[in-house]
Amino acid sequence: MLVTVFSDASWCPKTKAGGWGAWAKSERVQWGVQFSGAFRRLVNGSNEAEIMAAACALASTLRSEIAVAGDTILFEIDNEHALRLVSHDAPTGRPPRTDLEKEAIAVLLALKTRHELIFKTRHVKGHSGRERRDRFGVNELCDRLARKHMLEARQRVYDRRLIENGRPSLMPRRKRKK
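Residues numbered from 1 in each chain as written. Predicted model: local features only at pLDDT ≥ 70, side-chain atom pairs only at ≥ 80, totals over all residues. Heavy atoms only, no water.

S.K.: Which residues make up the pattern of salt bridges, and what values go with them?
M.R.: Evaluated as defined, the whole model comprises four salt bridges. In this structure, the salt-bridge partner of Glu76 is Arg122, at a minimum N-O distance of 3.4 Å. Taken together, the residues span a long stretch of sequence, with Glu76 in strand S4 (residues 72–77) and Arg122 in strand S5 (residues 118–123) at a distance of 46 residues. Across the pair Arg84 and Glu80 runs a salt bridge whose closest N-O atoms are separated by 3.4 Å. Taken together, the residues Arg84 and Glu80, both in helix H2 (residues 80–87) and four residues apart, mark about one turn of the helix. (Salt bridge = Lys/Arg side-chain N within 4 Å of Asp/Glu carboxyl O. Helix = DSSP H or I, 4+ residues; strand = E, 2+ residues; numbered from the N terminus.)

S.K.: Go over unusual backbone geometry, please, and point to the residues and values.
M.R.: Positive phi, normally seen in glycine, also occurs at Lys16, with a value near 70°. Here Lys16 shows up in the loop between strand S1 (2–11) and strand S2 (18–25). Residue class for Lys16 comes out partly exposed when judged on its relative accessible area of 29%. At Glu116, a residue that is not glycine, the phi angle is positive and equals roughly 50°. Relative to the helices and strands, Glu116 resides in the loop between helix H3 (99–114) and S5. (Buried < 20%, exposed > 50% of the residue type's maximum accessible area, 1.4 Å probe, protein only.)

S.K.: I'd like a rundown of H2, residues and numbers included.
M.R.: Within an α-helix, residues lying three or four positions from one another point in the same direction, as the helix has 3.6 residues per turn. When H2 is considered as a whole, its buried residues turn out to be His81, Ala82, Leu83, Leu85 and Val86. For H2, the secondary structure elements touched by its buried residues are helix H1 (46–63), S4, H3 and S5. In this structure Asn79 caps H2, since a side-chain oxygen of it lies 3.1 Å from the backbone nitrogen of His81. The first or second residue beyond H2 is His88, which carries a positive phi of 60°. (Contact = heavy atoms within 4.5 Å. Polar contact = N/O pair within 3.5 Å; in protein donor to acceptor, adjacent residues only side chain to side chain.)

S.K.: Hey, could you go over a positive patch on the surface for me, with residue numbers and the actual values?
M.R.: On the surface, Lys14, Arg156, Arg160 and Arg161 cluster together into a positively charged patch. Mapped onto the elements of the fold, Lys14 is located in the loop between S1 and S2. We classify Lys14 as exposed; its relative accessible area is 63%. (Patch = residues over 30% accessible without salt bridge, like charges linked within 9 Å, V, L, I, M, F, W, Y side chains within 5 Å. Areas by Shrake-Rupley, 256 points an atom, 1.4 Å probe, with all protein chains shown as cover. Lys, Arg positive; Asp, Glu negative; His and termini not counted. Charge placed at Lys NZ, Arg CZ, Asp CG, Glu CD.)

S.K.: Account for the side chain of Asp71, naming residues and giving values.
M.R.: Along the chain, the position of Asp71 falls in the loop between H1 and S4. For Asp71, a relative accessible area of 2% translates into the label buried. Looking at Asp71, its side chain comes within polar contact range of the main-chain nitrogen of Met1, at 3.4 Å. Looking at Asp71, its side chain comes within polar contact range of the side chain of Arg28, at 2.7 Å. Residues within four places of Asp71 in sequence aside, it is in contact with Met1, Val3, Arg28, Ile66, Glu116, Leu117 and Ile118.

S.K.: Break down the confidence of the model for the protein chain for me, citing the residues and quoting the values.
M.R.: In the predicted model, the protein chain carries a mean pLDDT of 86, and the fraction of residues at 70 or more is 83%. Within the protein chain, S2 carries the highest mean pLDDT (97), whereas H2 carries the lowest (87). (pLDDT = per-residue confidence, 0-100.)

S.K.: Describe in detail the packing of H1 against H2, supporting the description with residues and values.
M.R.: Between H1 and H2, the least distance of the axes is 8 Å, while the angle of their chain directions is 50°. On the basis of the axis angle, H1 is oblique to H2. Where H1 crosses over H2, the handedness of that crossing is right-handed. On H2, the residues that touch Asn47, Glu50, Ile51 and Ala54 of H1 are His81, Ala82, Leu85 and Val86. Looking at the contact of H1 with H2, its residues break down into five nonpolar, two polar and one charged. (Axes fitted to C-alpha atoms, helices over the stretch in contact; angles between N-to-C directions. Parallel < 35°, antiparallel > 145°, perpendicular 65-115°, else oblique. Left-handed = near helix turned anticlockwise from the far one by under 90°. Nonpolar A, V, L, I, M, F, W, Y, C, P; charged D, E, K, R; others polar.)

Structure below.
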């Protein structure tokens, strides 16, 4: 059975916090199902976040039994590097560069092997400003979910830094006069 999985990530370069959003649909569910969350680790780049989002989306889709053993998974992602990593199209894209990218690919491959899945990919144009319908609308939904969780994760990073620096206030530090 064909299972369509959209995923997107949001990443803050300043704090390295990230979030992901996903939407999955198959004939097993009447409507598409949303998944989302914050990454438990700090992320070093948007490509890294996008491939991690795809791994989180697939794991959630399998856990909810929208996808089961033997299914074909159609990943719809707005990041071409992540698409190439998912499809193992290494000659036209960069190989995984970071440890987190390698880890996310390992998770995807382990799930693919364990559940005897077939992966297909399709690029969806993100942030194009087109009319909100069909694939673009679903991608925008995933983007909003990812951004929401990235903002929450970013606030936790800021809060942790304030506590570690002995500043319980949320007020920014004043610049020292020289």
